[in-house]
Amino acid sequence: MFRAWTWAEQIDHPILITECVCNPVQSRSKMAELLFETYGVPSVAFGVDAAFSYKYNQQRGICQKDSLAICPGFTTTHVIPFVDGEPVYRGCCRTNIGGYHVTDNLKQLLSLKYPHHMARFTWEKIEDLKMEHCYIAPDYAVEARLFQKGSKEAEDKTRCWQLPWVPPPIEEPPSEEEIARKAAIKERQGQRLREMAEAKRSSRINELENQLHGLEFLLQQLAQVEEEEISSFLSKTGYVSKQEIESTLTKVSQSLRKAKGELKVEQAENEEKADSSTSDKYPLINVPDNMLTPEQLKEKKRQIFLKTTTEGRQRAKQKRFEEELEREKKTREDEERRLENPELYLEQMRTKYKELYEKVEQRKRLKTNGGHANGNSSGGVGRGERLNAAQKERMRLLTTAAFDRGKGEDNFGAKDEDWQLYKLMSKDNDDDDDGADEDEAELARVCSRLQAIDPTFVPKLEPTPSQAATTEVPRVRPLTKEDFQVVLGVERFRCPEILFHPNLVGIDQAGLDEMTEASIRRLVSKNEALEDRLTSSIFMTGGCSLFPGINERLEAGIRMLRPCGSPIKVARALDPVLDAWRGASAYAANLQFQQQTFSRVDYYEKGEDWLRRYQLRYTL
């Protein structure tokens, strides 16, 4: 935590500040103003961190007096030539690429690759992954092709970072005793349901029988009552007329036979009644026309119409009755199968619902897309392509009729063939629609059945027009250990490659090897012997020099730029991170350090502009 200093807490010893090469005078002046006017230091010295690291390692024989110091730092990279142990700043090179950009590039690549784990990619963790796993490839293109092919060598170079993951609990299969216990419970429940259903049926039969006996007894009493007393008698019973009592008796009888399962008897009775009443109600139907008067012919046509209408209503009623019987039969069979094995029955019903739903949806898609299951209804599909076979035939008949109508007088309907054509064009001949209605009815029945027996069942909703064109939502699968693994493959060498090719991150500047050649060319004197001495002692310092393979890659890159046969040797600092501090500490402990500082008196007399000409000498 920063604590404000007071004049009573002044610093009474010189300060040595490290800076980068060719630091702007504005930065020096602001730092001097802060140290002199706020903290009251007696004197200040400014030195380059790479130079301190070079001096420290030169004393230990790592590099020579004529050397090239390369310092890839946090945000910048510098190349400083040293001649006779002193830096030659006119030959320096700088690039705005450093360890910060390597870490940021790695963070972006992992965030794009694993967007669900972005919270795990903190700056500190990415920095640790960079220093632990990243390396410099000897040849970037060859290394990239190696990972592209997915060879065994690439698999060996791949690293995996396992994120915290707790496996879901493993459900042990139930024991035989547990299975037997559950089966016994289900059997008792099924038996109880059957007993309840039988008791309910018996109670219903007894209730209907009592009601039937009461109505029959009421009719017997009504037959003994005199004509004048019928109205007063009926007012006490709650019925209006004898016909109402007989109608109620008929309905109760039908309900009783239905409850007892005597359905065929009722059906046979209805058929007999229809056959016996036909001849009585319509006596003129079977009489030839030549034996009838004009009035009788009109009456015969009316009777034929009434008979046809009555028979149609009876057939429709019979059909509805049969359908109801079929539904009741299916319901009883489903209930029996459910009671025998509830789990198997539930699974079968789910499978059937899924099949019917897919069948109905497929038919809708085919009707919309004109036979192309994967087509787009909003595309260039014409009206004819969206019709099925029956609809196309109907359209052809309509077109033919319209074409014939335009040839002459409109006399459509004058012939019996025209009405036959009308029947063919009617929608009743569309078999596909009938099949669709049956499937949809069965789907509705299965859906209602599942809703009744499965509380967890959720029916699929009909998609809206805006949702029809969207893709199917992927199914959610349980997360595994592999989902919490961060694999570092090509990222290991792709991120630090920006030190040699900054254009990979959009920075149009030179790499380390090109900077070395440019620094040598900037020296004023053209001395091949000096150049050979510089390239034979290339000194690497800074945090990024810790990447494995950077020395070999830098040496290979410089060798391609230098003349054939030039001596090239790259050496790394003993401690690239802390050697700058150690060299500066040793320099500040020297007794002659006081003579190299910029004092407070110089600051007030000479001003900030004198800092531009200030330069520290590293030879003491």
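A short tour of the structure in this document, coming up. Note that the structure is predicted; figures quoted are calculated from it, not measured. Sequence order as written defines residue numbering, which begins from 1 separately in each chain. Totals for whole chains, interfaces and linings use all residues, but because this is a predicted model, local features are given only for residues with pLDDT of at least 70 and pairs of side-chain atoms are given and counted only at 80 or more. To get the side-chain values, take all heavy atoms of the structure and skip hydrogens and water.

1. Details of the pattern of salt bridges
Here comes step 1: We define a salt bridge as a side-chain nitrogen of Lys or Arg found within 4 Å of a carboxyl oxygen belonging to Asp or Glu. If you walk through the whole model with that rule in mind, you get 18 salt bridges.
Here comes step 2: Across the pair E187 and R194 runs a salt bridge whose closest N-O atoms are separated by 3.4 Å.
Here comes step 3: E531 is the partner of R562 in a salt bridge, and the nearest nitrogen-oxygen pair spans 2.8 Å. Of the two residues, R562 is situated in the loop between α20 (550–561) and β10 (570–572) and E531 in helix α19 (residues 528–535); the sequence distance between them amounts to 31 residues. The same class applies to R562 as to E531, namely buried. In this description a helix means any DSSP run of H or I spanning at least four residues, a strand means any run of E spanning at least two, and both kinds are numbered starting from the N terminus. Partly exposed residues are those whose accessible area sits between 20% and 50% of the maximum for their type, while under 20% is buried and over 50% is exposed, using a 1.4 Å probe and protein chains only.

2. Some points on the nonpolar core
Here comes step 1: Counting 40 residues, the largest nonpolar core has L110, L499, I538 and L554 as the members making the most contacts within it.
Here comes step 2: Sorting the residues of this core by element identifies β3 (67–72), α3 (99–113), α4 (123–133), β8 (485–488), α18 (512–521), α19, β9 (538–540) and α20 as the ones contributing at least two each.
Here comes step 3: Among the elements that make up this core, the one with the highest residue count is α3 (4 residues).
Here comes step 4: Sequence-distant contacts of I538, that is, excluding residues within four places in its chain, are made with S67, L68, I70, L554, I558, I568, K569, V570 and A571.
Here comes step 5: Core analysis: the next-biggest nonpolar cluster, separate from the first, contains 34 residues, V41, A45, A573 and Y614 among them. Here, nonpolar core refers to any group of buried Ala, Val, Leu, Ile, Met, Phe, Trp, Tyr and Cys residues whose side-chain atoms link them within 4.5 Å. Contacts are residue-level and defined by heavy atoms, with any inter-residue pair within 4.5 Å sufficient.

3. With respect to the layout of surface pockets
Here comes step 1: Whether a set of points on the 1 Å grid over the protein atoms alone is a cavity depends on a 1.4 Å probe fitting there but being unable to get out, while an open set qualifies as a pocket with protein on both sides within 12 Å along at least five of seven lines; lining residues are those with an atom within 4 Å of a point. Grid points are joined across faces, edges and corners, and a volume is the space filled by probe spheres set on the points. The space that makes up the second largest pocket amounts to roughly 970 Å³.
Here comes step 2: A197, E198, R201, A259 and R332 are, among the 22 residues lining the second largest pocket, the residues nearest its centre.
Here comes step 3: Elements supplying a minimum of two residues to the lining of the second largest pocket: α7 (176–224), α9 (242–260) and α11 (294–340).
Here comes step 4: At 10 residues, the largest contribution of residues to the lining of the second largest pocket is made by α7.

4. So, unusual backbone geometry
Here comes step 1: Positive phi outside glycine occurs at D84, with the angle close to 55 degrees.
Here comes step 2: Examined against the element boundaries, D84 turns out to sit in the loop between β4 (77–83) and β5 (86–87).

5. Quick notes on the state of the cysteines
Structurally, a disulfide amounts to a covalent bond that connects the sulfur atoms of two cysteines.
Here comes step 1: Cysteine sulfurs are considered disulfide-paired once they come within 2.5 Å of each other. Counted according to the given criterion, the structure contains 0 disulfides.
Here comes step 2: The thiol of C93 is unpaired, and the distance to the nearest cysteine sulfur, on C92, comes to 7.7 Å.
Here comes step 3: The buried category is assigned to C93, whose relative accessible area is 6%.
Here comes step 4: Note on C134: no disulfide assigned, nearest cysteine sulfur contributed by C495 at a separation of 5.5 Å.

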